[in-house]
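# Descriptive analysis of the structure
What follows is the residue order along each chain.
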Amino acid sequence: MRAIESREASISIQPDRRTLVELGILYNERAIQAPRGSPEQREMYGRSLDAIRESLTFSPVQPMAWLGATQIAQDQDDVEAAAEALDWSILTSGFLLAAARPRTLSGLELWGRLREETRVALMDSVVATMEREPELVARVAVDAMVSDDIEARLRLREESGNRLAAQFRAAIRRNRHRLETIIAEESVDMGRLLAASAVILTTSISSFAEAMTVEQYLAVTRDQVPGQPPESVIPYLTGTLDGLLMLSQFNADDGVPLFCMPPEEMANIDLGGLKLTFDAMLEQFERELPEFAELARTRSVGLAVLDLMATLYPCER
């Protein structure tokens, strides 16, 4: 708080580019710490974006400031503003090694909204990031449904094109294998909804859990775990759902999808609504299944979410 107050006092006397950028970063940190979707979070994101945009009036040649604006807009789900800011970040400096990773991740997510010149220039960042973290690039590209375009662009690279494309394709396959090998063997006796499959997925999970059980999930959502507020399960659910969508797509390519969610719904998932349905399902199990306590202790959230998706979006046989 003192850091913010000192910079607010400074710019009230003499605004300058650097102080405004610092203030934008501090506001952004406050926004991240605020409850998701709360008025406080929206206000802090707004202040952060306003401070960074004001800094750009002093000099638009600030690629890192534009990148910051990209990420803030993405946090607010404003994809048009995010894409425009990333276009400017690339325009003001085509390649910055320190920015390669965040530019790659944001760029792949915004790929379809970016100018073609931006996509061309971004490939240097994609390659640099892929050399260090090939499976990360592969996963994000698959999630964003741009992997075919990325592979084609990699093949066009002089000299190393075929090698890079092969490395990228291998990373996609390795990631698929990794997803499948962390499937745990579980019996499927959780009742009507938990009878769809024996698959449990625990990829892209949050930092406070290795593999969250239903029992642990309920304890957190009921505010029974000190230091873990109920909303802290959201990153876990988000990561689990992302992994499930990717694994289902891989299986669909082989003709055996796990569930069949319409593409338009997949692109606009209402995580809040899905969580409400998931929580209602667990409450029903708790009321109706005599063995629920034991099942909740030994069964994962990943399995429960997967079987909910299979129930909500069954595939025609």
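Bear in mind that the values here come from a model prediction, so they are computed numbers and not experimental data.

Turning to the side chain of Ser-125, a few remarks are in order. Tracing the chain through its elements places Ser-125 in helix H7 (residues 116–132). With a relative accessible area of 0%, Ser-125 lands in the buried category. Not counting residues within four places of it along the chain, the set of residues in contact with Ser-125 comprises Phe-95, Ala-100, Arg-103 and Thr-104.

Looking now at the packing of helix H6 (residues 100–109) against H7. It is at 8 Å that the axes of H6 and H7 come closest, and there the two elements cross at 110°. When the axes of H6 and H7 are compared, the pair comes out roughly perpendicular. Judged by the twist between their axes, the crossing of H6 over H7 is left-handed. Where H6 approaches H7, its residues Ala-100, Arg-101, Arg-103, Thr-104 and Gly-107 are matched on the opposing element by Leu-122, Ser-125, Val-126, Ala-128, Thr-129 and Arg-132. Residue composition of the contact of H6 with H7, by class: 4 nonpolar, 4 polar and 3 charged.

This brings us to unusual backbone geometry. With glycine set apart, most residues show a phi of negative sign, and most peptide bonds adopt trans. Residues other than glycine seldom take positive phi values, yet Met-145 does so here, at roughly 60°. Within the fold, Met-145 resides in the loop between helix H8 (134–143) and helix H9 (147–155). Phi is positive for Asp-223, close to 60°, though the residue is something other than glycine. Of note, Asp-223 is situated in the loop between helix H11 (214–221) and helix H12 (233–253).

Running from N to C, helix H5 (residues 79–92) and H6 cross one another at 140°; their axes reach a closest spacing of 11 Å. Compared by their axis directions, H5 and H6 come out oblique. Every pair of crossing elements has a handedness; the one defined by H5 and H6 is left-handed. Across the interface between the two elements, Leu-86, Ser-89 and Ile-90 of H5 pack against Arg-103, Ser-106 and Gly-107 of H6.

Ranked by internal contacts, the top residues of the largest apolar core, which has 32 residues, are Leu-108, Trp-111, Ile-150, Leu-154 and Phe-168. Mapped onto this core, the elements with two or more residues apiece are helix H4 (63–75), H5, H6, H7, H8, H9 and helix H10 (161–181). The dominant element in this core, judged by the number of residues it contributes, is H8, at 6 residues. Each residue touching Leu-108, except ones within four places of it in the same chain, is listed here: Val-137, Val-140, Ala-141, Ala-144, Val-146 and Ile-150.

Quick look at the pattern of salt bridges now. Tallied over the full model, the rule gives 16 salt bridges. Note that Arg-119 and Glu-116 form a salt bridge whose closest N and O atoms lie 3.0 Å from each other. Taken together, the positions of Arg-119 and Glu-116, both in helix H7 and 3 residues apart, correspond to about one turn of that helix. In this structure Arg-119 comes out as buried when scored by relative accessible area, which is 15%. Between Glu-131 and Arg-163 there is a salt bridge, with its nearest N and O atoms 3.3 Å apart. Taken as a pair, Glu-131 in helix H7 and Arg-163 in helix H10 lie far apart in primary sequence, 32 residues in all. Given the relative accessible area of 39%, Glu-131 is considered partly exposed. For Arg-163, a relative accessible area of 45% gives the class partly exposed.

Cut-offs applied
Residues numbered from 1 in each chain as written. Predicted model: local features only at pLDDT ≥ 70, side-chain atom pairs only at ≥ 80, totals over all residues. Heavy atoms only, no water. Helix = DSSP H or I, 4+ residues; strand = E, 2+ residues; numbered from the N terminus. Buried < 20%, exposed > 50% of the residue type's maximum accessible area, 1.4 Å probe, protein only. Contact = heavy atoms within 4.5 Å. Axes fitted to C-alpha atoms, helices over the stretch in contact; angles between N-to-C directions. Parallel < 35°, antiparallel > 145°, perpendicular 65-115°, else oblique. Left-handed = near helix turned anticlockwise from the far one by under 90°. Nonpolar A, V, L, I, M, F, W, Y, C, P; charged D, E, K, R; others polar. Core = buried A, V, L, I, M, F, W, Y, C linked by side-chain atoms within 4.5 Å. Salt bridge = Lys/Arg side-chain N within 4 Å of Asp/Glu carboxyl O.

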